[in-house]
Amino acid sequence: EQAGHFYGVGMRMAQKTEKGVQYIVIMSVLKNTPAEKAGLKSGDYIVAVSSDGIKGHAVGAENLNMKELLGLIRGDKDKSPVFVRIYREKENKFLDFNLIREDIKIEIVSSKILEPKVGYVRVSDFFGDLRKDFLNAVINLKFQGAEVLVLDLRDNPGGFLNLAIYLSELFRTSDFGYVVYTVGRDQVKEPVNFWSYGAYGFPMDRGRFKDLKLVNW
């Protein structure tokens, strides 16, 4: 998924613990994917999965960690079957889905003009070519006249910390302070700077978009 595409059904998941019990829940469903077309929804709990699409071969999710579950749902080619059983809490029922894997291409950054002078950028996760894609998106919005920006991080499951820091640093209006810091045994705060990560960031990018105001929408 970090490379921008994978063979699967198009859903992002997270492992959660409630009252000492671990669950794997769907955080978001990607648009125009087998998961969305079949009707899987954010908030559905994964109950069982069969990597060959045969219901009788399904493995209970309670016996799997996230890496193992992803290995069953994804494959090395598209047009192969996968079976998924979920529990939908809002409807209090179990549902079975027979899906066909596809080559899922991830649009990490999407953008548009909401109305005059208001730009919108959605960041789906902090992986892949985020730095380049985000810079291009915001520069294009500014060219179209955007003076304020809506940054949409809803259902973003996370990713590389350095990329998250990088995006934050782009809007810095001051050289003082820091976005993230670590604290060691000596209780000394050590800032984590985005330019510490080579190709992921450069000092010249700090505050590059400080003239853009981030707003709620």
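Residues numbered from 1 in each chain as written. Predicted model: local features only at pLDDT ≥ 70, side-chain atom pairs only at ≥ 80, totals over all residues. Heavy atoms only, no water.

Asks: Help me understand the overall build of the protein chain, please; the structure alone is not making it clear to me.
Replies: Looking only at helices and strands, the protein chain features four helices and 14 strands. Dimensions of the protein chain, computed from the C-alpha atoms along their principal axes, are close to 60 × 50 × 35 Å. Of the contacts formed within the protein chain by residues at least 6 apart in sequence, a portion of 60% connects residues at least 24 apart. In the form shown here, the protein chain has an accessible surface area of approximately 12,700 Å², with 50% of it arising from carbon and sulfur atoms. When the 31 basic and 28 acidic side-chain charges of the protein chain are each reduced to a single mean position, those positions are 2 Å apart. (Helix = DSSP H or I, 4+ residues; strand = E, 2+ residues; numbered from the N terminus. Contact = heavy atoms within 4.5 Å. Areas by Shrake-Rupley, 256 points an atom, 1.4 Å probe, with all protein chains shown as cover. Lys, Arg positive; Asp, Glu negative; His and termini not counted. Charge placed at Lys NZ, Arg CZ, Asp CG, Glu CD.)

Asks: Teacher, can you tell me more about the packing of aromatic side chains here?
Replies: Two aromatic rings are characterised by how far apart their centres lie and by the angle between their planes. As enumerated under the stated definition, the model contains four aromatic pairs in all. Their ring planes at 70° and their centres at 5.5 Å tell us that Tyr23 and Tyr45 sit as a pair that is edge-to-face. With Tyr23 in strand 3 (residues 21-29) and Tyr45 in strand 4 (residues 45-50), the pair connects residues that are 22 residues apart, well separated along the chain. Residues Phe134 and Phe171 carry aromatic rings whose centres are separated by 6.2 Å and whose planes lie at 80° to one another, so their mutual orientation is edge-to-face. Of this pair, Phe134 sits in helix 3 (residues 130-143) while Phe171 is found in the loop between helix 4 (161-170) and strand 12 (181-183), placing the two residues 37 residues apart along the sequence. (Phe/Tyr/Trp six-rings, centres within 6.5 Å; stacked < 30°, edge-to-face > 60°.)

Asks: Just to check I follow, could you spell out the nonpolar core for this structure?
Replies: Note on soluble globular proteins: their nonpolar side chains tend to be buried together. Grouped together as the largest cluster of nonpolar side chains are 24 residues, with contacts concentrated most on Val121, Leu130 and Phe134. Broken down by secondary-structure element, the contributors of at least two residues to this core are strand 10 (118-123), helix 3 and helix 4. The element best represented in this core is helix 3, accounting for six residues. When neighbours within four sequence positions are excluded, Phe134 is seen to be in contact with Val109, Val121, Val123, Leu151, Leu167, Leu170 and Phe171. (Core = buried A, V, L, I, M, F, W, Y, C linked by side-chain atoms within 4.5 Å. Buried < 20%, exposed > 50% of the residue type's maximum accessible area, 1.4 Å probe, protein only.)

Asks: Explain the sheet that holds strand 9 (residues 109-115) to me, please; I cannot follow it from the model alone.
Replies: Pairing between sheet strands relies on hydrogen bonds along the backbone, with the strands arranged either parallel or antiparallel. With respect to topology, four strands assemble into an open sheet ordered 9-10-11-14, the strand pairing being mixed. Where the open sheet ends on each side, the last strands, each with one partner, are strand 9 and strand 14 (213-214). When strand 11 (residues 148-152) meets strand 14, the two strands line up parallel, connected through two bridges. From the neighbouring strand, Val148 faces strand 14, where its bridge partner is Lys213. (Pairing = 2+ DSSP bridges.)

Asks: Teacher, can you tell me more about unusual backbone geometry here?
Replies: Excluding glycine, most residues fall at negative phi; most peptide bonds, likewise, are trans. In this model, Asn32 sits at a positive phi of 55°, which is unusual for a non-glycine residue. The residue Asn32 is located in the loop between strand 3 and helix 1 (34-38) in this model. Although it is not a glycine, Lys117 sits at a positive phi angle of roughly 75°.

Asks: Help me understand the confidence of the model for the protein chain in this model?
Replies: The predicted coordinates should not be examined in detail at positions where pLDDT is low. Chain-level statistics for the protein chain give a pLDDT mean of 84 and a share of 90% at 70 or above. Confidence over residues 196-201 falls short of pLDDT 50; this stretch has 12 contacts with residues more than four positions distant or in other chains. (pLDDT = per-residue confidence, 0-100.)

Asks: Mind showing me how you'd approach the environment of Asp103 here?
Replies: With respect to the element layout, Asp103 can be found in strand 8 (residues 102-105). On a C-alpha basis, the gap between Asp103 and Phe6 in space is 5.7 Å, while along the polypeptide they are 97 residues apart. Only 3.3 Å separates the side chain of Asp103 from the side chain of Lys105, close enough to count as a polar contact. (Polar contact = N/O pair within 3.5 Å; in protein donor to acceptor, adjacent residues only side chain to side chain.)

Asks: Teacher, can you tell me more about the pairing of strand 10 here?
Replies: Within a regular strand, the side chains alternate between the two sheet faces. With respect to burial, strand 10 is a largely interior element, five of its six residues being buried. Across six bridges, strand 9 lies against strand 10 in antiparallel orientation. Counterpart to Ser111 in the pairing with strand 10 is Val121. Sheet analysis places strand 10 next to strand 11, joined by five bridges and oriented parallel. When the bridges of strand 11 are listed, Val118 appears paired with Val148. Handedness of the crossover joining strand 10 and strand 11 through helix 3: right-handed. (Right-handed = clockwise from strand over helix to strand, strands pointing away.)

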